[in-house]
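A closer look at the structure
If you want the building blocks of each chain, they are given just below.
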Amino acid sequence: MRGRWAQGLEPRYFCWVVRDRLAASERPGGFARNHRKVRRQEELIWLGSHGFTHILSLLDSPHNLHAYDTAGLAYEHIPLGRRDEMPDRLAKIYGAIADWLEDPSERVLVHHEEFGDKLIGTLAGFLIYAGLVQEGPHAVGVLERETSRQLGAAGRESVAVTLEERIVRSP
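Figured I'd write up the structure that's included with this text. Note that this is a predicted model, so its numbers are computed, not measured.

Turning next to the pattern of salt bridges. Under the criterion given, the structure shown has 13 salt bridges. As a salt-bridge pair, Glu164 and Arg83 come within 3.8 Å of each other at their nearest N and O atoms. Here Glu164 is found in helix α7 (residues 153-164), whereas its partner Arg83 is found in the loop between β4 (74-77) and α4 (86-101), with 81 residues between them in sequence. Relative accessible area serves as the criterion here: at 51%, Glu164 is assigned to the exposed category. Through salt bridges with shared partners, a single ionic network connects Arg82, Asp84, Glu85 and Arg89.

Structure follows, in structure tokens:
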């Protein structure tokens, strides 16, 4: 392959949460019935060519994981789960991201089925966990600005659980 196509396609709704280190997008290839294998392959090529070292899937199901192996991209699958599972799951999600980002050469992409409240809220919670912001409204504001989306109740729930359960990184 030559030219533009050899570089793949940027994942849909791709945005940086922490510039050049932590990004978010819709599931590579699209969500549900809109999912296309060719698009997924193009997006994985793009991620590899842009230096991404880990993908974190928050999907409830293990969809796409085989594609990450095929593309040579390391991944982790930690489903968000139900509300009663969120404290444990969020701690695992935040810990995995923080551990990867300790290495300055790491670039991480986090995705959910679609680019929506659950994904954005989880990443707002990570900002609190990592100590990058101190308050829920500030974390929500940062993610709303970066994603150009207003965070709804489902996303704010992750922020609330992070604060209520005091899910923060140990020094």
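Between its first and last C-alpha atoms helix α6 (residues 136-147) spans 16 Å; for 12 residues at 1.5 Å apiece the expected length is 16 Å, and the two agree. Three or more residues of α6 are buried, namely Gly136, Ala139, Val140, Val142, Leu143 and Thr147. Seen from one end, α6 has its buried residues packed into an arc of 160°, which puts them on one side. Residues of α6 that are exposed and point more than 90 degrees away from the buried face comprise Pro137 and Arg145. For α6, the secondary structure elements touched by its buried residues are β1 (15-18), α5 (117-129) and α7. Ser148 sits one or two positions beyond α6 and adopts a positive phi of about 55°.

Reading guide: rules and limits
- Residues numbered from 1 in each chain as written.
- Predicted model: local features only at pLDDT ≥ 70, side-chain atom pairs only at ≥ 80, totals over all residues.
- Heavy atoms only, no water.
- Salt bridge = Lys/Arg side-chain N within 4 Å of Asp/Glu carboxyl O.
- Helix = DSSP H or I, 4+ residues; strand = E, 2+ residues; numbered from the N terminus.
- Buried < 20%, exposed > 50% of the residue type's maximum accessible area, 1.4 Å probe, protein only.
- Expected span 1.5 Å × (residues − 1).
- Arc of directions from axis to C-beta.
- Contact = heavy atoms within 4.5 Å.

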